[in-house]
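Given next are the chains, with one letter for each unit.
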Amino acid sequence: MASDTERRNLPPLKLHVPEPKFRPGDDADFSDIVIPAVGETRRPDIADDHRDMPDLSYGLVRVLDDEGKAAGPWDPKLDPDTLRKILRAMALTRAFDGRMFRAQRQGKTSFYMKCTGEEAVAVAGTFALDRDDMTFPSYRQQGILIARDWSLVDMMNQVYSNKKDRLMGRQLPIMYSTKQGGFFSISGNLATQFPQAVGWAMASAAKGDTRIAATWTGEGSSAEGDFHSACIFASVYRAPVIMNVVNNQWAISSFSGFAGGDETTFAARAVGYGIAGLRVDGNDALAVYAATQWAAERARTNHGPTLIEHFTYRAEGHSTSDDPGQYRSADEAAEWPLGDPIARLKKHLIVIGEWDEERHAKMDEEVATQVKTAQKQAEKNGILGHGLHQPLETMFEQVFEEMPWHLKEQMQDMLDENEAANNVAKTR
Amino acid sequence: MSKARENTGSTTQRNMIQAINSAMDVCMERDDNVCVFGEDVGYYGGVFRATAGLQEKYGKTRSFDTPINECGIIGVAVGMAAYGMRPVPEIQFADYIYPGLDQLVSEAARLRYRSAGEFTAPITIRTPFGGGIFGGQTHSQSPESIFTHVCGVKTVIPSTPYDAKGLLIAAIEDPDPVVFFEPKRIYNGPFDGHYDTPVLPWSKHPASDVPDGHYVIPLGKANVLREGSAVTMLCYGTMVHVTAAAVEELGIDAEVIDLRTLLPLDMEAIEASVEKTGRCIIVHEATRTSGFGAELSALVQERCFYHLEAPIQRVTGYDTPYPHSLEWAYFPGPVRLRLAIERVMEDVSGNL
Ligand SMILES: Cc1ncc(C[n+]2csc(CCOP(=O)(O)OP(=O)(O)O)c2C)c(N)n1
Ligand SMILES: [Mg+2]
């Protein structure tokens, strides 16, 4: 045992509390972020052992260079039509977000969350999955639904909690759910979807299916125990699952250092669990596509799970409830060294001669009109708090498949109460 | 509003957030073992701003942000307490306390008992709870009865800025673990249950006159908010204001008791009141089945049975997840209260 006298000569212990590089008022300068050149991060064979690729957890999968050219071993070599589809889905996602955010500000709903700057993560990832693969998203992957051509009106009905909302107005806006869309019901409790995705994938494997699961969480939420539960189960059972950590640098007001991001990469969690790990430029739609495609093929051929860190930036506030100007430097988004995913794919399409400014402007107009038209239609079904909601009885339905006596009784109480309230209103 | 006020010198008008902030400030100033931490608690000062300014004043080792991991937040609080500190962790919403339950239920709550007093966990877990803010099912829950069911944890719920500060200081200074539920619907002003009328700010309420210094409201002491002889109304948190407003509107001579601490409970105050009125209504926003009202009802029945002139009534939330769009049909508001009052005031022959 060490003796007291030896210890007495040591300086006192200090508690380390991480601090982000920039706070409000600071000039953001990201020049210290190491960005490997396109092509530098190698692409192992799908069947390679995860033990032979720890370097990929510290590299950065990139395809698009600063000039907009695609290069390197990860280039998925997509045809121009697919590239344009990805571009349009990202633009539509951004237009949808803009419109719904404004609707919240106009008092039409209670809450909204944008995914601005991170559209490539959900959109390009979804393009690399099969339509019947199952997704377990967090609240910031609306791009999955848009990439799968899900009805905008249906999404808006949910945001408005109106009478056509399939979720009966039960859930907070953006907590979508659609079995048909292969999109698991979103929880407000962070990271719970991670082990659930692993479980779905285990079931698919146990049943000899061919479908795989994919799940997403924020880097902040990857600190939750559920994330680690997912990793250990995925590793032990070599579950056919893709586990995405969307490292957008911020978790409300906390920078990624509070999730361990100062000490190592999020992809590197994979190494400790014995899982393949990839770190990807999340603002490069082609890199996201390529990494997801690689992980999907691996999963589908019984080579087990992959953990993908998408290195990106949350360009706007956390939600309609916060003001990012109070906790981070206002120029971070503009200074972000990996740019904007829509601008980068647009540039690429132009560079390869498959796109131009005019067509882009036209596309922007088209998606704006599409969103506006959908909004008009959705608002006919009502907006939050204006009577056009689900029948009161629906509150008690689906707590269980069959309603037990106490809920039947409570439902009657509620209806009586409602009638009593209406009678008072009439006599006023 | 509290009747027995200590004379503590200067006061400042505060809403409930500011009063809670002031309680932590006072405790941190007096005892450098007190520290606050949680998700977004440090630099930003909490998503509801309850810890605003504390990092600036006391530094990053006493007010800091944490990883998003409620199990870790409560677990490290237990460890820091074992060292001798007095942690005041925040769980951002009560709806998110569940990942931390094991550390609270199996560890903090039993530490004193299992170590025969060698190790203790004087931690105070602050957490906003309750609905009425269109927060949907994961920003609206009232899980207090989960905690009163655990042996070794105290459960405290304030209803005014004045009470919030005095109770929080008492909780922080208490030698045992306390879960301190903050009714977020009334952070900025009391709420009478009429969601369609403008909200009064706390500045219009006398209990916003909060002493600047140290004072405590002892845990386990209820507040008889309104004396009356017709019926005893037991309530806490947001529902104190909804209940008091309903009583005034109906012009009924009810005795309204703000429990303030669910555990330990001020049974003396409850018994004295029910023995006087012979009737009892229990009001809470939480779901009904196995809610704290069930415990209250059992206690009143056991101890006041021969004084009761009518069955005890419960006014509660329904046994469903808190709905988003139908929030106000769910919330136990003025009409639900009136119907319960009418039921309990019926005499044996069925007449009002
Ligand atoms: C279990 C749980 N704890 C806390 C919260 C509150 N909360 C909601 S979002 C959020 C930040 C999440 O950040 P991150 O995981 O990085 O995702 P991002 O918002 O950046 O997409 C927090 C703390 C919650 N919803 N659930
Ligand atoms: Mg994040």
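Cut-offs and rules
- Residues numbered from 1 in each chain as written.
- Chains lettered and ligands numbered in written order.
- Predicted model: local features only at pLDDT ≥ 70, side-chain atom pairs only at ≥ 80, totals over all residues.
- Heavy atoms only, no water.
- Helix = DSSP H or I, 4+ residues; strand = E, 2+ residues; numbered from the N terminus.
- Rg over C-alpha atoms; globule rule 2.2 N^0.38 Å.
- Buried < 20%, exposed > 50% of the residue type's maximum accessible area, 1.4 Å probe, protein only.
- Areas by Shrake-Rupley, 256 points an atom, 1.4 Å probe, with all protein chains shown as cover.
- Contact = heavy atoms within 4.5 Å.
- Lys, Arg positive; Asp, Glu negative; His and termini not counted.
- Charge placed at Lys NZ, Arg CZ, Asp CG, Glu CD.
- Axes fitted to C-alpha atoms, helices over the stretch in contact; angles between N-to-C directions.
- Parallel < 35°, antiparallel > 145°, perpendicular 65-115°, else oblique.
- Left-handed = near helix turned anticlockwise from the far one by under 90°.
- Nonpolar A, V, L, I, M, F, W, Y, C, P; charged D, E, K, R; others polar.
- Pairing = 2+ DSSP bridges.
- Near = heavy atom within 4 Å.
- Polar contact = N/O pair within 3.5 Å; in protein donor to acceptor, adjacent residues only side chain to side chain.
- Buried area = accessible area lost by both parts, 1.4 Å probe.
- Salt bridge = Lys/Arg side-chain N within 4 Å of Asp/Glu carboxyl O.
- Donors = N, O, S within 2.8 Å, 3.2 Å for Na, K, Ca; no water.
- Domains from an automatic or database assignment.
- 1 Å grid on protein atoms, 1.4 Å probe; cavity = no way out; pocket = protein on both sides within 12 Å on 5 of 7 lines; lining within 4 Å.
- Points joined across faces, edges and corners; volume = space filled by probe spheres on them.
- Patch = residues over 30% accessible without salt bridge, like charges linked within 9 Å, V, L, I, M, F, W, Y side chains within 5 Å.

**Concerning the overall build of chain B**
Within chain B one finds 12 helices and 14 strands. Against the compact-globule benchmark of 20 Å for 352 residues, chain B has a radius of gyration of 20 Å, which places it among compact chains. Projected onto its principal axes, the C-alpha coordinates of chain B cover approximately 65 × 45 × 45 Å. Counting over 352 residues, chain B shows a buried share of 62%. Split by element, the accessible area of chain B, about 12700 Å² in all, is 52% carbon and sulfur.

**A few points about the overall build of chain A**
Looking only at helices and strands, chain A features 13 helices and 7 strands. Relative to a compact globule of 428 residues, whose C-alpha radius of gyration would be 22 Å, chain A shows 24 Å and is just as compact. Referenced to the eigenvectors of the C-alpha coordinate spread, the extents of chain A come out at roughly 80 × 70 × 55 Å. Counting across all 428 residues of chain A, residues that qualify as buried make up 55%. In chain A, once contacts between residues fewer than 6 apart in sequence are set aside, the share between residues at least 24 apart is 74%. Charged side chains of chain A number 48 positive and 62 negative; the gap between the two group centres comes to 4 Å.

**Some details on the packing of helix α2 (residues 80-105) of chain A against helix α5 (residues 152-160) of chain A**
Residue and element names in this part refer to chain A. Between α2 and α5, the shortest axis-to-axis distance is 12 Å and the interhelical angle comes to 30°. With respect to each other, α2 and α5 are oriented roughly parallel. Every pair of crossing elements has a handedness; the one defined by α2 and α5 is right-handed. On α5, the residues touching L92, F96, M100 and A103 of α2 are L152, M155, M156, V159 and Y160. For the contact of α2 with α5, the class distribution of residues is 9 nonpolar, no polar and no charged.

**Observations concerning the sheet that holds strand β14 (residues 313-317) of chain B**
Residues and elements named next belong to chain B. Pairing is mixed in the open sheet, where 5 strands are placed in the order β9-β11-β10-β13-β14. The sheet is open, and its two borders are formed by β9 (223-226) and β14, each paired with just one other strand. On average, adjacent strands in this sheet sit at an angle of 25° to one another, irrespective of strand direction. Here β9 runs beside strand β11 (residues 254-258); their pairing, made up of 3 bridges, is antiparallel. Along β11, the bridge assignment pairs R226 with V256. Packing against the sheet, helix α9 (residues 267-277) makes contact with β10 (231-235), β11 and β13 (280-287), and its axis sits at approximately 170° to β11.

**Thoughts on the site of ligand 1**
Near ligand 1, the surroundings consist of 20 residues, among which Y139, R140, G188 and S221 of chain A together with E70 of chain B are the closest. Looking at the residues close to ligand 1, they fall on chains A and B. The contact in question runs from an oxygen atom of ligand 1 to an N or O atom on the backbone of G220 of chain A, over 3.0 Å. Between a nitrogen atom of ligand 1 and a side-chain N or O atom of Y96 of chain B, the distance comes to 3.1 Å. Contact with the protein chains covers 96% of the free accessible surface of ligand 1, which is 590 Å². The residue makeup of the shell around ligand 1, split by class, is 7 nonpolar, 8 polar and 5 charged.

**Thoughts on the interface of chain A and chain B**
Counting residues at the interface gives 49 residues for chain A and 42 residues for chain B. For the pair chain A and chain B, the summed buried area comes to about 3600 Å², and 59% of that belongs to carbon and sulfur atoms. The largest share of the area that chain A buries against chain B comes from F258, M395 and E417 of chain A, three residues that together contribute 17% of it. At the boundary of chain A with chain B, the tally comes to 2 salt bridges.

**What to know about the coordination of the magnesium ion (ligand 2)**
Residues and elements named next belong to chain A. Donor atoms from the polypeptide that coordinate the magnesium ion (ligand 2) comprise E219 (OE), N248 (OD1) and W250 (O), at 2.0 to 2.2 Å from the metal. Expressed as a motif, the donor residue spacing for the magnesium ion (ligand 2) is E-x28-N-x1-W. Pair noted here: E219 is in the loop between β2 (213-218) and α7 (225-236) and W250 is in strand β4 (residues 250-251), with a separation of 31 residues, a long-range link.

**Points about the sheet that holds strand β6 (residues 276-281) of chain A**
Residue and element names in this part refer to chain A. Reading across from one edge, β1-β2-β3-β7-β6 is the order of the 5 strands in this open sheet, with parallel pairing throughout. At either end of the open sheet lies a strand with only one pairing partner, and these are β1 (134-136) and β6. Averaged over all adjacent pairs, the angle separating strand axes in this sheet is 20°, with direction ignored. The strands touched by helix α9 (residues 285-300) are β3 (241-247), β6 and β7 (306-311); relative to β6, the strand with the most contacts, the crossing angle is about 165°.

**Some details on the domain arrangement of chain A**
Each domain of chain A was delimited in the assignment, giving domain 1 (50-380) and domain 2 (391-428). The C-alpha centroid of domain 2 of chain A is placed 40 Å from the C-alpha centroid of domain 1 of chain A.

**Re the domain arrangement of chain B**
Size of an interface, as often reported, equals the accessible area lost when the parts are brought together. Residues and elements named next belong to chain B. Looking at the assigned domains, one finds that chain B contains domain 1 (11-211) and domain 2 (223-346). Computed from C-alpha coordinates alone, the two centres of domain 1 and domain 2 are separated by 25 Å. Carbon and sulfur atoms make up 62% of the surface buried where domain 1 meets domain 2, a total of about 2600 Å² over both sides. Here domain 1 and domain 2 share 1 salt bridge between them. Between R260 and D163 there is a salt bridge, with the nearest N and O atoms lying 3.4 Å from each other. The interface formed by domain 1 and domain 2 contains 14 residue pairs in polar contact (both at pLDDT 80 or more). Looking at the side of domain 1 that touches domain 2, the elements with two or more residues in it are α6 (144-148), β6 (154-156) and α7 (161-173). By residue class, the composition of the side of domain 1 that touches domain 2 is 13 nonpolar, 16 polar and 5 charged.

**Observations regarding the layout of surface pockets**
Residues and elements named next belong to chain A. Estimates place the volume of the second largest pocket at around 550 Å³. Forming the boundary of the second largest pocket are 27 residues, of which K21, I33, Q249, S256 and F311 lie nearest the centre. Along the lines of polarity and charge, the residues of the lining of the second largest pocket split into 13 nonpolar, 6 polar and 8 charged.

**Here we look at a negative patch on the surface**
A surface patch of like charges, here negative, comprises D26, D27, D29 and E335 of chain A. Looking at the secondary structure, you find D29 of chain A in the loop between α1 (4-8) and α2.

**A few points about the pattern of salt bridges**
Residues and elements named next belong to chain A. The tally for this structure, following the rule as stated, stands at 40 salt bridges over all chains. As a salt-bridge pair, R23 and E19 come within 3.1 Å of each other at their nearest N and O atoms. For E19, a relative accessible area of 35% corresponds to the partly exposed category. Within this structure, R62, D66, D281, D284 and R344 form a network of salt bridges that share partners.

**What to know about the side chain of T243 of chain B**
Residues and elements named next belong to chain B. Structurally, T243 is set in helix α8 (residues 238-250). There is a polar contact of 2.6 Å between the side chain of T243 and the backbone oxygen of M239. Setting aside its immediate chain neighbours within four residues, T243 contacts M233, C235, V256, V283 and L337.

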